[in-house]
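Overview (structure and organization)
Residue strings, one per chain:
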Amino acid sequence: MDVVGLLKDLIAIPSINPMGRAVTGPEFLETRLTSFLLDYLRGHGLECETHDVAPGRTNIVSRLPEVSHPITVLLDAHQDTVPVEGMTIPPFRPDVSGDQLFGRGSCDVKGGMAAMITAFRQLAQVPATHRPNVVLTLTVDEEATSLGVNHLTGSWVEGGTTYRLLPTRPTVAIVAEPTMLNAVVAHRGATRWRISTAGRACHSSRPQDGVNAIYRMAKLISALEEYAQLLPTLRPAHHLCGTSTLSVGLVTGGSSVNVVPDGCVIDIDRRVIPGEDCNQVVPDVVAFLKGKVDFPFTCEAPFLSSPPLSDAINGDWADRLLEAVLPIDGQKQKMGVAYGTHASRFEQAGIPAVVIGPGDIAQAHTKDEFISIDQLQKAVDVYRTFCLSATH
Ligand SMILES: [Zn+2]
């Protein structure tokens, strides 16, 4: 089975996550890739189930046939990619140079997806008596709001949609992201939200008649800088993920240079380490700010809240993954990373989850994204070997 050929096909079908941009053409959303994947899997005799989680955005689930084993392994890869602005290579024309296969999504994460699908097909050919119990999920919207994985994990709680091929929680979830075949067991989460200040507008020639919302925000920002410096002392660093952080990334305010501004808004990014309570992040910041400023401000509910992944329940599975990797790609490590993944959503659903996949995160989302073909081929063997060992 040709994992390189499959990856080329996946790269050639755009599946851009708009990430807030207007959907201006068929290269946006996962729709066309989903059709290809369904045809491909069904064409190779694999049973598939689909769930529309939003218009044009469909989760795929496939399950190996005729297996009843108490351990179920979930293999998950996301269908979407980041946008292509600024790319210096043709994003959708897969191109090989030496060991490198170029194209948008080659590394994040169509490479991991091609490796999972290929391993899954190989496992389907194992005689039924020895076939492991494996479910493949190809989920949508990882790069923005996690609609796909949230729909899936929501299916295991009261009131969720039933997934016929995966009616109950799997035993373990393996999430494809470029890790160079290391086992990622922990990562930070992120909470992002807005704070606004209000003022009273007036002509800038008589500023004493108004209240300057930007001046107010400047005081808030100074207080937030102070809080950001304090953060590492408020909570011990996680041994794999380091410390919590806070950063103000965007300021908007005012209407004209000759008007005292009556409004100013900032966007805040707060990285959350394993063990922290995400729900406490905003209230803690508000309490700190209230001790620092004497004017009112408005704090919106987070527009993004992505949980951290802790290494509390996934260590044994990571060890077994690394045992599978050892003869294929040598000694790799359990590690923490700075980026978020679907694994934390599975962990929140009570499922041990480990992130492992071919390629280097340094090439993800880049202007000349590529993956190592050697890594890609090794990943097929890793996923297959792990599934066989996990369920026997
Ligand atoms: Zn990814």
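1. Here's the deal with the domain arrangement of the protein chain
If you check the domain split of the protein chain, you get domain 1 (3–187 + 308–390) and domain 2 (189–306). Each of domain 1 and domain 2 has a C-alpha centre, and the two are 36 Å apart. With both chains or domains summed, domain 1 and domain 2 bury close to 820 Å², and 58% of this area falls on carbon and sulfur atoms. Contact with domain 2 buries surface across domain 1, with Pro-308, Asp-311 and Arg-345 losing the most and accounting together for 49% of the total. Inspection of the domain 1/domain 2 interface yields zero salt bridges. Scanning the region where domain 1 abuts domain 2 turns up two residue pairs in polar contact (both at pLDDT 80 or more). At the level of elements, β8 (183–187) and β16 (334–337) are the ones that each hand at least two residues to the side of domain 1 that touches domain 2.

2. Topic: the environment of Pro-70
When you line up the elements, Pro-70 lands in the loop between β2 (57–63) and β3 (73–78). A sequence separation of 63 residues divides Pro-70 from Asn-133, and the C-alpha atoms of the two residues are 8.1 Å apart.

3. A few points about the sheet that holds strand β4 (residues 95–97)
Note on sheets: strands pair through backbone hydrogen bonds, and any given pair is parallel or antiparallel. Reading across from one edge, β4-β5-β18 is the order of the three strands in this open sheet, with antiparallel pairing throughout. Two strands bound the open sheet, and with one partner strand each, they are β4 and β18 (370–372). Taking the axes of each pair of neighbouring strands and ignoring which way they run, one obtains an average angle of 25° across the sheet. As paired strands, β4 and strand β5 (residues 100–102) are joined by three bridges and run antiparallel to one another. Each bridged residue has a counterpart across the sheet, and for Val-96 the counterpart in β5 is Leu-101.

4. Comments concerning the packing of aromatic side chains
Summed over all chains, the structure comprises four aromatic pairs. Relative to Phe-370, the ring of Phe-102 has its centre 5.3 Å away and its plane inclined at 50°; by these criteria the two rings are tilted. Of the two residues, Phe-102 sits in strand β5 while Phe-370 sits in strand β18, which places them 268 residues apart along the sequence. A relative accessible area of 15% means that Phe-102 is categorised as buried. Both rings, one in Tyr-227 and one in Phe-288, keep their centres 5.0 Å apart while their planes meet at 55°; by these two values the pair is tilted. Placement of the pair is Tyr-227 in helix α5 (residues 213–234) and Phe-288 in helix α6 (residues 281–290), with a sequence separation of 61 residues. We classify Tyr-227 as buried; its relative accessible area is 5%. Positioned above the aromatic ring of Phe-303, the side-chain terminus of Arg-194 is 4.6 Å from the ring centre.

Criteria and cut-off values
Residues numbered from 1 in each chain as written. Predicted model: local features only at pLDDT ≥ 70, side-chain atom pairs only at ≥ 80, totals over all residues. Heavy atoms only, no water. Domains from an automatic or database assignment. Buried area = accessible area lost by both parts, 1.4 Å probe. Salt bridge = Lys/Arg side-chain N within 4 Å of Asp/Glu carboxyl O. Polar contact = N/O pair within 3.5 Å; in protein donor to acceptor, adjacent residues only side chain to side chain. Helix = DSSP H or I, 4+ residues; strand = E, 2+ residues; numbered from the N terminus. Pairing = 2+ DSSP bridges. Axes fitted to C-alpha atoms, helices over the stretch in contact; angles between N-to-C directions. Phe/Tyr/Trp six-rings, centres within 6.5 Å; stacked < 30°, edge-to-face > 60°. Buried < 20%, exposed > 50% of the residue type's maximum accessible area, 1.4 Å probe, protein only. Lys NZ or Arg CZ within 6 Å of the ring centre and 35° of its normal.

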